[in-house]
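Architecture at a glance
The residues making up each chain are set out below.
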Amino acid sequence: EDKVVQSPLSLVVHEGDTVTLNCSYEVTNFRSLLWYKQEKKAPTFLFMLTSSGIEKKSGRLSSILDKKELFSILNITATQTGDSAIYLCAVEAEGSGGSNYKLTFGKGTLLTVNP
Amino acid sequence: NAGVMQNPRHLVRRRGQEARLRCSPMKGHSHVYWYRQLPEEGLKFMVYLQKENIIDESGMPKERFSAEFPKEGPSILRIQQVVRGDSAAYFCASSRAHRGLEQYFGPGTRLTVT
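We now turn to the structure provided with this report.

Attention shifts here to the overall build of chain B. Check the secondary structure of chain B and you find 0 helices and 11 strands. For chain B, the succession of helices and strands along the chain, N to C, is β-β-β-β-β-β-β-β-β-β-β. Taken over the C-alpha trace, chain B has a radius of gyration of 13 Å; the compact-globule value for 114 residues is 13 Å, and the two agree within 12%. Based on the C-alpha atoms only, the size of chain B along its principal axes is roughly 35 × 25 × 25 Å.

Here it is, written out as structure tokens:
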């Protein structure tokens, strides 16, 4: 069974701190790894990573994938209270028959940024 | 460009009743995915559908649960004879194709079974 493990499960920091969230996975027929931010409702898409070693960046957020060691990290620099959310890591894998793809999610990291 | 729409947003059902959850994908998206989020757990894949076809239902319980995505209209997730353990947030996502493109999520339906 495909597995995605995120750590830490929760994290409390002060505004301005830098945080690193971890995601490790064991899946068959890996296709891509995705990061989502979930506030009160639907997860919103942050990054999709398919190649090892190439950093994706969006403002203060960045992410990188290591396909050899089977993990990814999400970095947030100069955190703000608006960054408080659950950060979800998901892995897209090829399903049976080679024609479908489904996401397996980790349990998420609850990040709280205090002023 | 409206995002993924789900309704109702909140649904309360008594044990034994039926629950119908609806999902309208984003314009131009023909792939729909349903996920369930139980309290204290991550999102779990349930089913993947294209128009009029179920592609992968490996995450869906074998009994009481069914899903459809008709040629016209929204995708429907149907839960018959609900039990307390069905209480959860049900999210729908859609994508333009199923390969290499991100899935966009709807706001979810929170089902409470009393």
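A few words on the state of the cysteines. Note on terminology: disulfide describes a covalent bond linking the sulfur atoms of two cysteines. The final tally for this structure, using the stated rule, is 2 disulfides over all chains. Two residues, C23(A) and C89(A), share a disulfide whose sulfurs are 1.9 Å apart. Looking along the S-S bond of the C23(A)-C89(A) disulfide, the torsion reads about -65 degrees, which is the left-handed sense. With C23(A) in strand β3 (residues 19–26) and C89(A) in strand β9 (residues 85–94), this pair connects stretches of sequence that are 66 residues apart. Residue C23(A) shares its accessibility class with C89(A), and that shared class is buried. Disulfide partner of C23(B): C92(B), at an S-S distance of 1.7 Å. Looking along the S-S bond of the C23(B)-C92(B) disulfide, the torsion reads about -45 degrees, which is the left-handed sense. Separated by 69 residues along the polypeptide, C23(B) in strand β3 (residues 19–24) and C92(B) in strand β9 (residues 88–95) bring together distant segments of the chain. Relative accessible area serves as the criterion here: at 0%, C92(B) is assigned to the buried category.

All names here are of chain B. For strand β8 (residues 75–79), the buried fraction is high: 4 of the 5 residues fall into the buried class. Taken together, the 5 bridges between β3 and β8 define a ladder with antiparallel strand orientation. Its bridge partner being in β8, R22 is matched across the sheet by I76. As paired strands, strand β7 (residues 65–68) and β8 are joined by 4 bridges and run antiparallel to one another. The residue bridging S66 from the neighbouring strand is R78, located in β8.

Another aspect to go through is the sheet that holds strand β8 (residues 71–76) of chain A. Residues and elements named next belong to chain A. One open sheet holds the 5 strands; their spatial order is β1-β3-β8-β7-β6, and the pairing between them is antiparallel. One side of each edge strand has no neighbouring strand; the edge strands of this open sheet are β1 (3–7) and β6 (56–58). If you compare each strand with its neighbour and ignore which way they point, the axes differ by 15 degrees on average. Of the strand pairs in this sheet, β1 and β3 are connected by 5 bridges, and their pairing is antiparallel. Residue pairing in the sheet places V4 in a bridge with Y25 of β3.

To continue, consider the sheet that holds β8(B). Residue and element names in this part refer to chain B. Strand order in the open sheet formed by 4 strands is β1-β3-β8-β7, and the pairing between neighbours is antiparallel. The strands lining the two open edges of the sheet, one partner per strand, are β1 (5–7) and β7. Averaged over all pairs of adjacent strands, the angle between strand axes in this sheet comes to 15 degrees, irrespective of strand direction.

This part covers the pattern of salt bridges. Residue and element names in this part refer to chain A. Tallying each qualifying case throughout the model produces 4 salt bridges over all chains. The shortest N-O distance in the salt bridge between R60 and D83 comes to 2.8 Å. Placement of R60 in the loop between β6 and β7 (61–66) and of D83 in the loop between β8 and β9 is noted, with a sequence separation of 23 residues between them. The exposure class assigned to R60 is partly exposed, which follows from its relative accessible area of 24%.

Criteria and thresholds
Residues numbered from 1 in each chain as written. Chains lettered and ligands numbered in written order. Predicted model: local features only at pLDDT ≥ 70, side-chain atom pairs only at ≥ 80, totals over all residues. Heavy atoms only, no water. Helix = DSSP H or I, 4+ residues; strand = E, 2+ residues; numbered from the N terminus. Rg over C-alpha atoms; globule rule 2.2 N^0.38 Å. Disulfide = S-S within 2.5 Å. Buried < 20%, exposed > 50% of the residue type's maximum accessible area, 1.4 Å probe, protein only. Pairing = 2+ DSSP bridges. Axes fitted to C-alpha atoms, helices over the stretch in contact; angles between N-to-C directions. Salt bridge = Lys/Arg side-chain N within 4 Å of Asp/Glu carboxyl O.

Any functional reading would require information beyond the geometric quantities listed.
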